[in-house]
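A closer look at the structure
The lines below spell out each chain.
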Amino acid sequence: MRRALGLLVIIIIFSPYALSFFHGQGLSFDISYNDINVFAFTLLQAFLSSLASLVLGFIAALGLIYSANRYPVFYKWILRPSCLLPNVVPVIMVILASLKVIDPFPFGFTGILLLHTLMNLGIVALSIQKIVSNKLSGLSEVSALFGASRAQFLFRGGLQTIFGDLAMVGLFVFAICYSSFAIPLVVGGSQFTTIEVLIFEQIRLEGDWAKASFLALLQAISIFVLCYFIPQKIEATKESFRRNQYLSSRIGIPIALIPALIIIIGLFGSFSMGMKQFLRLDLLRAELPGQILNSLVVAIGTGLFSFLLFNLIAFVFYRGTLKKIILSYAAPSTVICGFAFLIFGPQGEVSSLIRMILGISLISVPALIRLQFANTIYSLERQREVAVLLGASDAEVFKRIIFPQSFFSACFLSGIASFWAWGDFALSSIVADRSHTVALVIQALMTSYRLELAVLLLWLLLICGILTFALFSGIGYVYHKKLIS
C-alpha cells in the first residue's frame, strides 16, 4: 500500500511536466545563442542574489544573537517574526511594498537582485543564527581566552568551521532564485529575461511546447541536482546563546529589520488617494465581492489539497529513494504548471479556480516540506521503527503515530499555503482568462501604476489571508491540545 501511494505522490508532483511533454509531443533540442545567454543570466542573478543574502544574512544573524542575549523579549516577539515576514506573506506584498517605498525603483537586473535579497535575507539570517550558535559558541570562548581578535576568530577558524553549512544555505537560496518567476516578470523588463520568463514566452508567444518542455526539464534537473546535495536531515541540536564579543553585533539588528520595515511602511499611507480611486471605479466595486469569493474558494481549496498532500507524503515518507526524491524536488516550474493545467479540461471560471488550487498547491507544498514538515516527520522515525518492529502495519503506524503528531504541522503549513493562495498572481494569470481573484486585480492595478488603490486592496487580501491561515492553524491547535490533554 505504501508503495502504491508513493507512486501516486510521484505522479502528482511530476504531473505538470508529464502533461506538458505529451502536449508538446516530445522535446525540442533547438537551443539558440539567446537561450544560452538567458541561462547564463539566470545563473548569474541567482548566484549574486544568494551571495548577497548570505553576506547580509550573516551580519543580521549576529544581530539576532545580540538581541537574543540582551533583549530576549524584543527578539522573541519582534525581531524573529520580522525575519520570517517576507517569506510568509505572498510575494505580491513584497513587490508592491518595495515599489512604493523605494522611489525610484531600480527595475531590471538590480531590481531582481534587490527583491530576491529582501525576500530571503530574514530566513537566511535565522538559519545562520542557528548554525553559528550551535557550532561556534564554544570555539569563540576558547579564542577569547587566547586573546584573538574578532577578525582573527572569523577568518582563521570560525568561517572555515561553518563553510559547508553556509554553502548549503546558499545553495538553497540559489535554487529559489534560479526558479523565480513572479519577481523577474514584474521588475525584470524585456532585457533581463530568466529561464522561467523564457519558458513563458515560448508557450504564450511562440506556441512552442516542445522547446518550452525541454527548457523546463533542464531547469528541473539542475535544481534537483542542487537540492540533492543540500543536507536532507536536520539534526536535533540545542541552541546556546552565550555572551561574547565575537558572535554578536548590534549592527545586524537594523539589517535584519529592513525587509519587514519595507513591507510594513509600504502597506501604510496613501489610503485617502486609494479610497478616492476605488470610489471612482464603479466596475471594480461591482465585481469585487465576486473576486473576494473566488479568492476565498482558491485559498480554502489550496489549504485542503495541501493538507491531503502533506498526509500522503507523511504516509510514504520513509528511508529510501522516495524520500530523497521528495526532498530534492524543489517545485515545478510555475509556467509549465500553469500552462499544463490550462490545456486540459473545460474552460470557464470554475475550471480556472480548480486549476489555481491544483497549481498553487503543487508549487507551495515542496517548499513547505523543506521549511518544516520534513523535520516533523524525521522526529517520528524512531517511533515508527519501534512500531514496525512490534508488528504494526503501515496503516496502523500512520493512524496511531504519524497522523496525530504531524496533524498540527500539516494544518499550520496548509494555512500558510492558503495565505499564499490569496496573493498568487503568477500562476493565476496563466490559467485565468480574466481577473477572477483579488490578487489578479492588484496585479492589473500595479501594471497601470495605480499603486495607492493596489495597496488598499492589498490590506483586504492581507486580512482575509490571515483569517484563512487562522482557520487552518486553529483547527490544528485545537486538535493538538485535545491530543495532549
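Residues numbered from 1 in each chain as written. Predicted model: local features only at pLDDT ≥ 70, side-chain atom pairs only at ≥ 80, totals over all residues. Heavy atoms only, no water.

In terms of helices and strands, the chain carries 22 helices and zero strands. A principal-axis box enclosing the C-alpha atoms of the chain has dimensions of 70 × 60 × 55 Å. By sequence separation, contacts in the chain at least 24 residues apart represent 84% of the contacts at least 6 residues apart. Per element, the accessible surface of the chain, about 22000 Å² overall, is 68% carbon and sulfur. Looking at charge distribution, the chain has the averaged site of its 33 positive side-chain charges lying 13 Å from that of its 21 negative ones. (Helix = DSSP H or I, 4+ residues; strand = E, 2+ residues; numbered from the N terminus. Contact = heavy atoms within 4.5 Å. Areas by Shrake-Rupley, 256 points an atom, 1.4 Å probe, with all protein chains shown as cover. Lys, Arg positive; Asp, Glu negative; His and termini not counted. Charge placed at Lys NZ, Arg CZ, Asp CG, Glu CD.)

All chains considered together, the criterion is met by four salt bridges. Note that K135 is salt-bridged to D165, the shortest N-O span being 2.9 Å. Within this pair, whereas K135 is found in helix α5 (residues 109-135), its partner D165 is found in helix α8 (residues 163-178), the two being separated by 30 residues in sequence. Residue classification places D165 among the partly exposed residues on the basis of a relative accessible area of 22%. R285 is the partner of D282 in a salt bridge, and the nearest nitrogen-oxygen pair spans 2.8 Å. Of the two residues, D282 and R285 are both situated in helix α14 (residues 282-316); the distance of three residues between them amounts to about one turn of the helix. (Salt bridge = Lys/Arg side-chain N within 4 Å of Asp/Glu carboxyl O. Buried < 20%, exposed > 50% of the residue type's maximum accessible area, 1.4 Å probe, protein only.)

Moving on: the domain arrangement of the chain. One can read the domain layout of the chain as domain 1 (1-25 + 269-485) and domain 2 (31-268). One C-alpha centre belongs to domain 1, the other to domain 2; they are set 22 Å apart. Each side of the interface is counted separately: domain 1 has 45 residues, and domain 2 has 40 residues. When residues of domain 1 are sorted by the area they lose upon contact with domain 2, S328, F339 and R370 head the list and together hold 15% of the total. At the junction of domain 1 with domain 2, the criterion picks out zero salt bridges. Where domain 1 packs against domain 2, one counts four residue pairs in polar contact (both at pLDDT 80 or more). Of all the elements, helix α22 (residues 451-484) adds the most residues to the side of domain 1 that touches domain 2, at eight residues. Grouping the amino acids of the side of domain 1 that touches domain 2 by side-chain chemistry returns 29 nonpolar, twelve polar and four charged. (Domains from an automatic or database assignment. Buried area = accessible area lost by both parts, 1.4 Å probe. Polar contact = N/O pair within 3.5 Å; in protein donor to acceptor, adjacent residues only side chain to side chain. Nonpolar A, V, L, I, M, F, W, Y, C, P; charged D, E, K, R; others polar.)

Over its 16 residues, helix α12 (residues 252-267) extends 24 Å from the first C-alpha to the last, a length consistent with the 22 Å expected when each residue adds 1.5 Å. Taking the largest bend as the criterion, α12 deviates by roughly 40°, centred on I258, and proline P259 comes between one and four positions later. Buried residues of α12: G252, I253, I255, A256, L257, P259, A260, I262, I263, G266 and L267, and no others. Packing partners of the buried residues in α12 comprise α2 (33-70), α3 (72-88), α4 (91-101), α5, α13 (271-280) and α22. (Expected span 1.5 Å × (residues − 1). Bend = angle between axes of the 7 residues up to and from the residue.)

What follows covers the packing of aromatic side chains. In the structure shown here, the tally under the stated rule is 19 aromatic pairs. Here F41 and F192 contribute two aromatic rings whose centre-to-centre distance is 5.6 Å and whose plane-to-plane angle is 45°, an arrangement assigned as tilted. Taken as a pair, F41 in helix α2 and F192 in the loop between α9 (182-188) and α10 (195-206) lie far apart in primary sequence, 151 residues in all. F41 sits in the buried class, given a relative accessible area of 14%. The partly exposed category is assigned to F192, whose relative accessible area is 26%. Here F403 and Y479 contribute two aromatic rings whose centre-to-centre distance is 6.4 Å and whose plane-to-plane angle is 65°, an arrangement assigned as edge-to-face. (Phe/Tyr/Trp six-rings, centres within 6.5 Å; stacked < 30°, edge-to-face > 60°.)

Right, let's talk about the side chain of S352 for a bit. Topologically, S352 is positioned in helix α17 (residues 349-378). Exposure remark for S352: the relative accessible area of 2% places this residue in the buried category. Excluding anything up to four places from it in sequence, S352 contacts V431, A432 and H436.

We now examine the environment of A60. Secondary-structure assignment places A60 in helix α2. Since its relative accessible area comes to 0%, A60 is described here as buried. Sequence separation between A60 and C83 is 23 residues, and the spatial gap between their C-alpha atoms is 9.4 Å. If we ignore the near neighbours within four places in the chain, the residues touching A60 are L121, A125, G252, I255 and A256.

With 135 residues, the main nonpolar core has I199 and I442 as its most contacted residues. The residue makeup of this core includes at least three contributed by each of domain 1 (1-25 + 269-485) and domain 2 (31-268). Excluding its chain neighbours within four sequence positions, the residues that come into contact with I199 are A212, L215, A216, Q219, S333, V335 and I336. One finds Y66, L79, C83 and L126 within the second-largest nonpolar core, a separate group that totals 14 residues. (Core = buried A, V, L, I, M, F, W, Y, C linked by side-chain atoms within 4.5 Å.)

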